[in-house]
Amino acid sequence: MSLHIPFDNSYARLPGVFYSPQPPVPVAAPRLVAFNEDLARVLRISPGDAQDMAMVFAGNRVPEGAEPIAQLYAGHQFGQYNPQLGDGRAVLLGEVVGTDGIRRDIQLKGAGRTPYSRGGDGRAWLGPVLREYVVSEAMHGLGIPTTRALAAVETGETVIRERALPGAVLTRVASSHLRVGTFQVFAARGEIASLKRLTDYAIARHYPDAEGPMGLLAAVRDAQARLIAQWMGAGFIHGVMNTDNCAISGETIDYGPCAFMDTFHPETVFSSIDQMGRYAYSNQPGIAVWNLAQLATALIQQFEDREAAVEPASEIVHAMPGLIEAHWLDVFRAKLGLSSAREGDGDLITGLLDRMVQGEADFTNTFRALGTDGARGQFTDPSAYDGWAGDWAARSAGEPDPLAAIRAANPAFIPRNHRIEQMIEAAVAGDYEPFNRLIAVLARPFDDQPENADLTRPPAEDEVVRATFCGT
Ligand code: AMP
Ligand code: MG
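Per the counting criterion, the structure on display carries 19 aromatic pairs. On the numbers, 6.3 Å between centres and 50° between planes, the contact of Tyr11 with Tyr19 is tilted. You can call Tyr19 buried: its relative accessible area is 11%. Relative to Tyr279, the ring of Phe78 has its centre 5.0 Å away and its plane inclined at 40°; by these criteria the two rings are tilted. Note that Phe78 is positioned in the loop between strand S4 (75-77) and strand S5 (80-82) and Tyr279 in the loop between strand S12 (259-260) and helix H7 (284-300), a separation of 201 residues in sequence.

Written out as structure tokens, the structure is:
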């Protein structure tokens, strides 16, 4: 039985300046190791047998209706503008319109070299492929906008990184792969007709109610502001918030050296390549604003009178910190089980966060247990929590059921780093049980699942993962 994907492509209809036609490069011995049936249903994809799906998701068979391309983009990486990036190891097979009416890209990541590969081999190894699969699906389970994972295959080939590692391809699904960097490349080159075309395309695809470039800018700002607040609420650190990793759709994209925090500290950084801490947990809101300013700079180039466009664009960007703050308050109020807004809520939230830093409290487990004795136990000095808990009890007195609200807003399960590392190690040895278990548990992170309580445990001293790697 062969896999069928109902392609309906739009990006490949745009002029050739936006991409390079690029078939995926076949691999030696494809083996399907994961397939997301629930997502496939939404995408109206009818599965085939394992061998045929392995062939398609490895790039060995280009399915009917696909028009494989590598997309062009640029971007600021750690603050430095890089004029030439693009899909260096990814191929967009095409798009489908799902049962929910949403158009989504289907992309093979690790599908071989493209014109944008620079020195890279165009490949990925199994570790980052499974990491992205698990973390992106976990984000979806948490209700945070994200790209998703449809499939993973092992290639039967070896890729050389620090050592020889098993190769793999991830099939990524995104409501588009338009990035801030996609706009930057045409703006920087002064290719204004292309910039206008891209702006119209992005509006039609993502924000049909937005009016012109300024409307698009405001819509992206709103989506990104919501997203960043949700990351903060989940203790998530993206790790590489370069403008090429910042999606216009407001979805989390490009899971590299990302991680969820165990012990709370606002300056936490995991990424081995982020030595200055530019993308530390607490810097994420500021960086999101910086990235939006880069989008504004790019979009402005299409105005006849650029001078006149600066002021409205600046106004849109300058409103972003306030919007993130407002969403942050909403997210953390919900985490405290509060359904209404009151003066002083911000202080109540930061009061807890400050004590969590002092008390070396586990981010996820503390919030999940708020209002119960379980929260006290998260602090090195439980009395530090008690003082705060008195204030919280007074504030939440009028709430119908704050403990139920807390459990609905705070997950029991996150993809903890040490579990991801253990899962990768097992998969490399041929054991996919830990991978399958993580996927199943993280699909319903707000349920208690006592049989999986071991996955709520923070890492033991010898399990702590201190650095995460891009894995390119
Ligand atoms: P990323 O770290 O995945 O956001 O990638 C940054 C840029 O490097 C993008 O343009 C990628 O397409 C490119 N890139 C990353 N890894 C590879 C690789 N193994 N081969 C070719 N290009 C790559
Ligand atoms: Mg990237």
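The rest of the description comes next.
Below, the discussion takes up the state of the cysteines. In the structure shown here, the tally under the stated rule is 0 disulfides. No disulfide involves Cys246; its sulfur sits 15 Å from the nearest other cysteine sulfur, which is in Cys258. Cys258 sits in the buried class, given a relative accessible area of 1%.

Here the focus is the nonpolar core. Generally speaking, a soluble globular protein has its nonpolar side chains buried in company with each other. Tyr11, Phe183 and Leu336 are the most contacted members of the largest nonpolar core, which has 121 residues in total. Here this core takes 13 residues from helix H6 (residues 212-234), the largest share from any one element. When residues of this core are assigned to domains, at least three fall in each of domain 1 (11-174) and domain 2 (330-409). Not counting residues within four places of it along the chain, the set of residues in contact with Phe183 comprises Leu195, Leu198, Thr199, Ala202, Leu216, Ile248, Leu295, Ala298 and Leu299.

With that settled, the discussion passes to H6. Taking 1.5 Å of rise per residue, 23 residues should cover 33 Å, and H6 covers 33 Å from first to last C-alpha, within 8% of that figure. Of the residues flanking the end of H6, it is Gly235, one or two places downstream, whose phi is positive at about 70°.

With that out of the way, let us pick up the site of ligand 1. Around ligand 1 lies a shell of 16 residues, among which Gly86, Gly88, Arg89, Asp121 and Gly122 are the nearest. The separation between an oxygen atom of ligand 1 and a polar side-chain atom of Arg118 is 3.1 Å. For ligand 1, whose accessible area on its own is 480 Å², the fraction buried by protein is 86%. Of the residues that constitute the shell around ligand 1, the class distribution is 2 nonpolar, 7 polar and 7 charged.

The rules behind each value
- Residues numbered from 1 in each chain as written.
- Chains lettered and ligands numbered in written order.
- Predicted model: local features only at pLDDT ≥ 70, side-chain atom pairs only at ≥ 80, totals over all residues.
- Heavy atoms only, no water.
- Phe/Tyr/Trp six-rings, centres within 6.5 Å; stacked < 30°, edge-to-face > 60°.
- Buried < 20%, exposed > 50% of the residue type's maximum accessible area, 1.4 Å probe, protein only.
- Helix = DSSP H or I, 4+ residues; strand = E, 2+ residues; numbered from the N terminus.
- Disulfide = S-S within 2.5 Å.
- Core = buried A, V, L, I, M, F, W, Y, C linked by side-chain atoms within 4.5 Å.
- Domains from an automatic or database assignment.
- Contact = heavy atoms within 4.5 Å.
- Expected span 1.5 Å × (residues − 1).
- Near = heavy atom within 4 Å.
- Polar contact = N/O pair within 3.5 Å; in protein donor to acceptor, adjacent residues only side chain to side chain.
- Areas by Shrake-Rupley, 256 points an atom, 1.4 Å probe, with all protein chains shown as cover.
- Nonpolar A, V, L, I, M, F, W, Y, C, P; charged D, E, K, R; others polar.

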